[in-house]
Amino acid sequence: DSKTNLPYKFIRDTYEGGYTKDKEIYFDHDLNIATVKDNKHDTIHKHTFIENSQDMLSSLYYLRNVVDENTIKKGDEFSLNMFFDEENFDFKVKYLGKEIIETKFGNVQCLVFKPYVKSGRVFKEQESVTIWISDDKNKIPLQVEAELAVGSLIAKLDKFKGLKHPFKIRM
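Residues numbered from 1 in each chain as written. Predicted model: local features only at pLDDT ≥ 70, side-chain atom pairs only at ≥ 80, totals over all residues. Heavy atoms only, no water.

A. Expanded view of unusual backbone geometry. Look at Asn-5: it is not a glycine, yet its phi comes out positive at around 60°. Considering the arrangement of structural elements, one finds Asn-5 in the segment before β1 (9–16). (Helix = DSSP H or I, 4+ residues; strand = E, 2+ residues; numbered from the N terminus.)

The following block contains the structure:
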């Protein structure tokens, strides 16, 4: 929701070497109830969540809308309530500073964040994920890197459209 910065629906459709997960989460923020539809096991469960909770993806958009790139300082941390995999989490993110990264669109100055993730089965360490968000009024998530227990992952923005503000690309 562009006014409240809260999610309505989250879809997780994962296939990793035979491991699958296919869930849809519907958020009712009036009742703080998440309805989790597990398409793989054909089940539906309801869970309470902490007020103003985000899902994994909406947390990026939430940060994008609350972070003021003019006042943020290296080392600042943000805490969010997150509902993920049928559980409530205290999701913390640390601001690392600004960095220019090379993208397919050109060089872009970014705000760099490091979320604290749960180490173990998926992530190698608690600080295994890094996120680059464009340092402009759009605050576009441009790149995510993660050190996984079995390798690493790099996700880069492939295309965009309908931006509200000019995309600041450095040559």
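B. Just the pairing of β1, in detail. Bridging between β1 and strand β2 (residues 19–28) involves eight bridges; their strand directions are antiparallel. Bridge pairing links Ile-11 to Glu-24 in β2. Here β1 folds back onto β2, and the loop between the two strands holds two residues, one of which, Gly-17, carries a positive phi near 55°. (Pairing = 2+ DSSP bridges.)

C. Inspection of the nonpolar core at higher detail. One finds Ile-25, Phe-27, Val-67, Phe-83 and Phe-113 to be the most contacted residues of the largest nonpolar core, which totals 23 residues. Once you skip the residues sitting within four places of it in the chain, Phe-83 turns out to touch Ile-25, Phe-27, Ala-34, Val-36, His-47, Thr-48, Phe-49, Ser-53, Gln-54, Asp-55 and Asn-88. Counting eight residues, the second largest nonpolar core, distinct from the first, contains Val-108, Val-112, Ile-140 and Phe-167. (Core = buried A, V, L, I, M, F, W, Y, C linked by side-chain atoms within 4.5 Å. Buried < 20%, exposed > 50% of the residue type's maximum accessible area, 1.4 Å probe, protein only. Contact = heavy atoms within 4.5 Å.)

D. Highlighting the pattern of salt bridges. In total, this model carries six salt bridges according to the counting rule given. The partner of Asp-90 in a salt bridge is Lys-92, and the shortest N-O contact between them spans 3.9 Å. Beyond isolated ion pairs, a larger network of salt bridges with shared partners links Arg-12, Lys-21 and Asp-85. (Salt bridge = Lys/Arg side-chain N within 4 Å of Asp/Glu carboxyl O.)

E. A look at the side chain of Lys-139. Among the secondary structure elements, Lys-139 is positioned in the loop between β8 (129–134) and β9 (141–148). With relative accessibility at 8%, the residue Lys-139 sits in the buried group. Here Lys-139 is in contact with Arg-64, Val-67, Glu-69, Leu-111, Ile-133 and Ser-134, once residues within four sequence places are set aside.

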